[in-house]
Amino acid sequence: MALDGAYDSRKRKRTSHACDSCRHRKVRCDGRQPCTTCSSTGEECAYGAEAIPKSKSDLILDVALRSENILHEMSANPVDPRVALSPLEFVSPTTIESTHRPGSPPDQISNAILSQFHSSTTESILAWPHFKDYHALRQNYRGSVFHLESLRPPFKYRASSVLPYVSKSEVDSILRSFERNVNFWYPTLSRDVSTEVEVQVLSNNLDDGISSCVSLLVMALGCASELIQSVATDSPENPAELEQRHRWQLMGRLHFDLAFKKVHLAQAECTTEAVQCLFFTAVFFAFLQRPIQAWSFISAAAIKCRLLLSYTASESAPEQLECLRRIFWSCYILESDYLAELSALPQTGIAGIESSIPLPGEYHTHTSAIEEEQSSLYFLACISMRRLLNRVHDLLYARNGGVGSDIHQFPTVVAELDHQLERWKDLLPPPFQFALSREPAPSPEGGFLRQRYLACKSVIYRPYLTWALSSTTTNAEPVTPMVYEGCKTCMEACCLHAQNLQSFPQTVMVDTWICSLSMASVMLIALATSRESALRRCLLPDAVDIGPNLSKNLTRWMQIPGQGVSPSVLQSVRLIDDASVSLRAMLDRWLAIPSDLVY
């Protein structure tokens, strides 16, 4: 990536920690290697001699600096990027067009920004020439995700809703479920507000104010959390359990319907409470698997949050300011997740200022101090992973500068990004650590983070696979051992990612739509790999069993909200089923060939 002269004069808005010399002398450090101060004094610049409090540092920033150095070294050798005629045009691994880039992109290295025009969606993979003979796949692909979702019947809420009687024990259970799930993943609601919610609900003091909207949304998300918890296992369902699940569905929708009538208050006001309303509305739409509505409210919450942080940060109470920052980072994660699957979406700009926003600090969100600390650490881990994923997408797949198509450049970048990923994994707190196997993770959060890790691993190494598929199709160059090992790493991560897919509460409640698209991509990549004799051995032996497991889980999850089925999730399931049948047929034919004729 070519960088202009602004790189040298750019001041970092924040660094993860100072070098040892600057720390000892108590002077400002810009975080470079070597830093400017040490360069001017001729002293040795070293990092890491003093402990860094994990609760106050971004787990990825310290190693992300290495990427900046690599990019700076590459600045003298501009890359020929992939280009497309329009933001929505599919990019095939065999249609890499080389064009000279006359200008340099804006300096965005200090931020982890996901390029608006990256190419890593299921739609672009399906356009690969390896699928030209699979007519069933193309027939079942009935349009873009946005097109399918926009044709979906509009969301309707009840004109008049009456809440059923909810006992104190039920309210306690619902709020506890909200705290254990939604407020653990996105810890944005303080204990004081949670207490106010309980008082409002039990006293039936729900008026037309915005605080009542917050209370209703918390209850709706708590009911959804109870529903998710009840379907987390594969145990046989009895009539009593089914009736209880139906009750959670109904109660969740009734509370949300009443809240949705008051959302206009949050859209009109510019307060922390209004931002919280918009964010919780987005999360519930994610639960309903309505990506367009979820995206619109994520955007609204992010824009208003950015506005408040820009103009009222110095005037806000510390607790309100911390709440805004936490909502900011929650929106950053969710916005990036949606952008990764739907290219060309309009961005809110929060990614462009994320390096200037402090990471989560002290905030009382949970009854248990231990659970509160674990929630904060988990939140930090998710923020760090999303920042790394954004960096991966931008450095490898951005159409105006990604190096993923240049075999001479991407190996170095892939190696550095992999180093950062392993560093992230090593720094995870003990409750969230995991093994790279099919063994159950110690906690649902650890299992979810393992899924994130494997997804990131496969995306980091995908350029090797894309280049190898392009070369075998055009007979350009043979697959070298280095390229083969890269392909193998990519496919092992893909297969393990699919095999470890389970009913983690966060996956089912917030990420079902996102997961369906990414899993369809995994199956299509596996099918493309199976078509090439030089790459088939990259697949795990039990790769043929992945499809049925994915289809079974996604089919069950898309029924959970009970309010219609997402057409894009349904399309993903069809793609998975068709790709699974074709993959099994391809591997069966390959295994039937005598071993001395395989290559």
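Structural data are supplied above this passage.
Please read all numbers here as calculations on a predicted model, not as lab measurements.

*Asks:* Would you mind going over the overall build of the protein chain with me for this structure?
*Replies:* Of the regular secondary structure elements, the protein chain holds 24 helices and 0 strands. Counting across all 599 residues of the protein chain, residues that qualify as buried make up 58%. Pairs at least 24 apart in sequence give 79% of the contacts found in the protein chain among residues at least 6 apart. Surface exposure of the protein chain reaches about 24400 Å², of which carbon and sulfur atoms provide 55%.

*Asks:* I keep staring at a negative patch on the surface and nothing clicks. Help me out?
*Replies:* Residues Asp192, Glu196, Glu269, Glu273 and Glu319 make up a contiguous surface patch of negative charge. Here aspartate 192 lies in helix H10 (residues 191-202).

*Asks:* Explain the pattern of salt bridges to me, please; I cannot follow it from the model alone.
*Replies:* Between side chains of opposite charge, pairing is possible as soon as their charged atoms come close. Scanning the entire structure with this criterion turns up 18 salt bridges. Notably, a salt bridge pairs glutamate 179 with arginine 176, separated by 2.8 Å at the nearest N-O pair. Residue glutamate 179 and its partner arginine 176 are both found in helix H8 (residues 168-180); the two are separated by 3 residues, about one turn of the helix. You can call glutamate 179 buried: its relative accessible area is 5%. Note on arginine 176: relative accessible area 32%, which makes it partly exposed. Its salt-bridge partner being glutamate 354, residue arginine 387 comes within 2.8 Å of it at the nearest N-O pair. Here arginine 387, found in helix H17 (residues 369-397), pairs with glutamate 354, found in the loop between helix H16 (318-341) and H17; they are 33 residues apart in sequence, far enough to count as distant. For the pair formed by arginine 387 and glutamate 354, the shared burial category is buried.

*Asks:* So what exactly am I meant to see when it comes to the packing of aromatic side chains here?
*Replies:* The relation between two aromatic rings is expressed through the spacing of the ring centres and the mutual angle of the planes. Taken as a whole and assessed by the stated rule, the structure comprises 21 aromatic pairs. Relative to phenylalanine 260, the ring of phenylalanine 155 has its centre 5.3 Å away and its plane inclined at 80 degrees; by these criteria the two rings are edge-to-face. In this pair, phenylalanine 155 sits in the loop between helix H7 (145-150) and H8 while phenylalanine 260 sits in helix H12 (residues 239-260), placing the two residues 105 residues apart along the sequence. Here phenylalanine 155 falls in the buried class, since its relative accessible area comes to 16%. Centroid distance phenylalanine 285 to phenylalanine 297: 5.7 Å. Interplanar angle 25 degrees. Geometry classified as stacked. Taken together, the positions of phenylalanine 285 in helix H14 (residues 272-287) and phenylalanine 297 in helix H15 (residues 291-311) put the pair 12 residues apart, joining distant regions of the chain. Judged by its relative accessible area of 1%, phenylalanine 285 is buried. You can call phenylalanine 297 buried: its relative accessible area is 7%.

*Asks:* I would appreciate a short explanation of unusual backbone geometry in the present structure.
*Replies:* In terms of backbone geometry, most residues other than glycine have negative phi values and most peptide bonds are trans. Here the phi dihedral of asparagine 204 falls at roughly 55 degrees; this positive angle occurs in a residue that is not glycine. Note that asparagine 204 resides in the loop between H10 and helix H11 (210-230). The class for asparagine 204 is exposed, based on a relative accessible area of 62%. Non-glycine residue glutamine 289 carries a positive phi angle of around 60 degrees. Note that glutamine 289 resides in the loop between H14 and H15.

*Asks:* Can you help me understand the environment of cysteine 538 in this one?
*Replies:* As for its placement among the helices and strands, cysteine 538 is situated in the loop between helix H22 (512-530) and helix H23 (546-557). For cysteine 538, a relative accessible area of 2% translates into the label buried. Along the sequence, cysteine 538 and lysine 488 sit 50 residues apart, while their C-alpha atoms lie 4.5 Å from each other. In this structure cysteine 538 touches Tyr484, Cys487, Lys488, Met491, Glu492 and Thr529, once residues within four positions along its chain are discounted.

*Asks:* Sorry if this is basic, but what is going on with the state of the cysteines here?
*Replies:* When the sulfur atoms of two cysteines share a covalent bond, that bond is a disulfide. With the rule as written, the count across this model stands at 0 disulfides. Its sulfur unpaired, cysteine 305 is 6.1 Å from the next cysteine sulfur, which belongs to cysteine 331.

*Asks:* What exactly am I supposed to notice about the packing of helix H20 (residues 481-499) against H23 here?
*Replies:* To describe two helices that pack against each other, one gives the angle between their axes and the distance between the axes. Contact geometry of H20 with H23 gives a least axis separation of 9 Å together with a crossing angle of 40 degrees. Compared by their axis directions, H20 and H23 come out oblique. Taken as a pair, H20 and H23 cross one another with a handedness that is left-handed. Residue-level inspection shows Cys495, Ala498 and Gln499 of H20 in contact with H23, the latter providing Ile546, Asn549 and Leu550. Of the residues in the contact of H20 with H23, the class split is 4 nonpolar, 2 polar and no charged.

*Asks:* In this structure, what is going on with the packing of H14 against H15? I would like to understand it.
*Replies:* Remark: H14 packs on H15, axes separated minimally by 8 Å, with the N-to-C direction vectors making an angle of 160 degrees. Here H14 lies roughly antiparallel to H15, going by the angle between them. Remark: the crossing between H14 and H15 carries left-handed chirality. Contacts between H14 and H15 involve Thr272, Val275, Leu278, Phe279, Thr281, Ala282, Phe285 and Ala286 on the former and, on the latter, Gln293, Ala294, Phe297, Ile298, Ala300, Ala301, Lys304, Cys305 and Leu308.

*Asks:* Looking at this model, I keep getting lost on the environment of serine 336. Mind explaining?
*Replies:* Relative to the assigned elements, serine 336 resides in helix H16. Along the primary structure serine 336 and arginine 387 are separated by 51 residues, whereas in three dimensions their C-alpha atoms are 8.9 Å apart.

*Asks:* Even after reading the chapter, I still don't get the environment of phenylalanine 328, so can you show me in this structure?
*Replies:* Tracing the backbone through its elements, the reader meets phenylalanine 328 in helix H16. Judged by its relative accessible area of 1%, phenylalanine 328 falls in the buried class. Between the alpha carbons of phenylalanine 328 and alanine 301 there is a distance of 8.3 Å; along the sequence they are 27 residues apart.

*Asks:* What is the right way to look at H22 in this model?
*Replies:* Because each turn of an α-helix spans 3.6 residues, side chains separated by three or four positions in sequence point in the same direction. End to end, H22 covers 27 Å across 19 residues, agreeing with the expected 27 Å (1.5 Å per residue, within 8%). Most of H22 sits out of view: 18 of its 19 residues are buried.

*Asks:* Looking at this model, I keep getting lost on H10. Mind explaining?
*Replies:* Between its first and last C-alpha, H10 extends 17 Å over 12 residues, near the 16 Å set by a 1.5 Å rise per residue. On its buried face, H10 sits against H8 and H11.

*Asks:* Would you take a moment to explain the side chain of arginine 450 for this structure?
*Replies:* Position of arginine 450 among the secondary structure elements: in helix H19 (residues 444-474). Look at arginine 450: it is buried, it has no salt bridge, and the nearest opposite charge is glutamate 439 at 7.9 Å. Among the polar contacts made by the side chain of arginine 450, one reaches the side chain of asparagine 500 at a distance of 3.5 Å.

Parameters and conventions
- Every chain is numbered on its own, with residues counted from 1 as its sequence reads.
- Totals for whole chains, interfaces and linings use all residues, but because this is a predicted model, local features are given only for residues with pLDDT of at least 70 and pairs of side-chain atoms are given and counted only at 80 or more.
- Working from all heavy atoms in the structure, the side-chain values ignore hydrogens and water.
- Secondary structure is summarised from DSSP: a helix means a run of H or I of at least four residues, a strand means a run of E of at least two, and numbering begins at the N terminus for each.
- Burial classes: relative accessible area under 20% of the type maximum marks a residue as buried, over 50% as exposed, and values in between as partly exposed (1.4 Å probe, protein chains only).
- Any pair of residues with heavy atoms lying within 4.5 Å of one another is described as a contacting pair.
- Reported accessibility uses the Shrake-Rupley method at a 1.4 Å probe radius. Residues are deemed covered only where the shown protein chains occlude them.
- Two joining distances apply to patches: 9 Å for like charges and 5 Å for nonpolar side chains (Val, Leu, Ile, Met, Phe, Trp, Tyr), and every residue must have over 30% relative accessible area and no salt bridge.
- Counted as salt bridges are all cases of a side-chain nitrogen of Lys or Arg within 4 Å of a carboxyl oxygen of Asp or Glu.
- For the purpose of counting charges, residues Lys and Arg are taken to be positive, whereas Asp and Glu are taken to be negative. His and the chain ends are not included.
- For the purpose of locating charges, the reference atoms are NZ of Lys, CZ of Arg, CG of Asp and CD of Glu.
- Pairing of aromatic rings covers Phe, Tyr and Trp, the last through its six-membered ring, and needs centres within 6.5 Å; plane angles under 30 degrees mean stacked, over 60 mean edge-to-face, and all others mean tilted.
- Any two cysteine sulfur atoms lying within 2.5 Å of each other are counted as a disulfide.
- Between N-to-C directions, angles cover 0 to 180 degrees, with each direction set by a line fitted to C-alpha atoms, over the stretch in contact for helices.
- Our angle categories are set so that under 35 degrees counts as roughly parallel, over 145 as roughly antiparallel, 65 to 115 as roughly perpendicular, and the remainder as oblique.
- Left-handed is the label given to a crossing in which the near helix is rotated counterclockwise from the far helix by less than a right angle, and right-handed is the label when the rotation is clockwise.
- Under this grouping Gly is polar, as are all residues other than the nonpolar Ala, Val, Leu, Ile, Met, Phe, Trp, Tyr, Cys and Pro and the charged Asp, Glu, Lys and Arg.
- Given a helix with a known number of residues, its expected span is that number minus one, times 1.5 Å.
- Side-chain atoms alone can form a polar contact between residues adjacent in sequence; in general such a contact is a pair of N or O atoms within 3.5 Å, and within protein one must be able to donate a hydrogen while the other accepts it.

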